[in-house]
Amino acid sequence: MKTITFTVNGNPVTLDVSEDANLLSVLNDDLELAGAKEGCGAGECGACTVIVDGVAVTSCLYPACEADGRVVETVEGLVLESGSLHPLQRTFVDYGAVQCGFCTPGMVMSAKALLDKYPNPNEQEVKVALAGNICRCTGYTQIVEAVLAAAEEMKK
């Protein structure tokens, strides 16, 4: 076991974790944050995507011990202080980019990492940023449109 301290959605956390634990299991099991999903367990589907120090990562492959001293953002942390949805969450709903919802948290977090770094992406940049996320329901068009709409809204 190793003791790690990191920040999750603005809250400091100190936990004892197994040295072979991944960040996804710590988030889901220890912190009861269920937004990131285990899809493939191999880093291929993106359902478990969270942001660590501003970078989208697949938490199923990210060693929990590597989170020590870092800042982790999950989909649960996106709700605004007013209680309303983050613009990305709202545009995903408005544009029909949410169907079964399994991939949605990972898609939203990949999109957030993109918009945090590049607030005015073009369609191709959105597609590249989401390339590590698989959706079996939407066909991606609505997802790309939602991200572009959120970028416009966030500029205001």
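Please refer to the structure placed before this passage.
Residues numbered from 1 in each chain as written. Predicted model: local features only at pLDDT ≥ 70, side-chain atom pairs only at ≥ 80, totals over all residues. Heavy atoms only, no water.

Below, the discussion takes up the overall build of the chain. If you tally the helices and strands in the chain, you get 5 helices and 5 strands. Each helix and strand of the chain, placed in order from N terminus to C terminus, yields the pattern β-β-α-β-β-β-α-α-α-α. In terms of overall size, the chain behaves like a compact globule, its C-alpha atoms giving a radius of gyration of 15 Å where 156 residues would be expected to give roughly 15 Å. Counting only C-alpha atoms and orienting by the principal axes, one finds that the chain spans roughly 45 × 30 × 25 Å. Counting all 156 residues of the chain, 42% fall into the buried class. As presented, the chain carries roughly 7,900 Å² of accessible surface, and 50% of it is formed by carbon and sulfur atoms. Of the side-chain charges in the chain, 10 are positive and 21 negative, and the distance between the mean point of each set is 8 Å. (Helix = DSSP H or I, 4+ residues; strand = E, 2+ residues; numbered from the N terminus. Rg over C-alpha atoms; globule rule 2.2 N^0.38 Å. Buried < 20%, exposed > 50% of the residue type's maximum accessible area, 1.4 Å probe, protein only. Areas by Shrake-Rupley, 256 points an atom, 1.4 Å probe, with all protein chains shown as cover. Lys, Arg positive; Asp, Glu negative; His and termini not counted. Charge placed at Lys NZ, Arg CZ, Asp CG, Glu CD.)

For the pair helix H2 (residues 87–94) and helix H3 (residues 104–117), interaxial distance at closest approach is 10 Å and the crossing angle is 125°. As summarised for this structure, H2 and H3 are arranged oblique, according to the angle between their axes. Crossing of H2 over H3 shows right-handed handedness. Within the contact between the two elements, H2 uses Leu 88, Gln 89 and Phe 92 and H3 uses Thr 104, Met 107, Val 108, Ala 111, Lys 112 and Leu 115. Its residues assigned to classes, the contact of H2 with H3 comprises 6 nonpolar, 2 polar and 1 charged. (Axes fitted to C-alpha atoms, helices over the stretch in contact; angles between N-to-C directions. Parallel < 35°, antiparallel > 145°, perpendicular 65-115°, else oblique. Left-handed = near helix turned anticlockwise from the far one by under 90°. Contact = heavy atoms within 4.5 Å. Nonpolar A, V, L, I, M, F, W, Y, C, P; charged D, E, K, R; others polar.)

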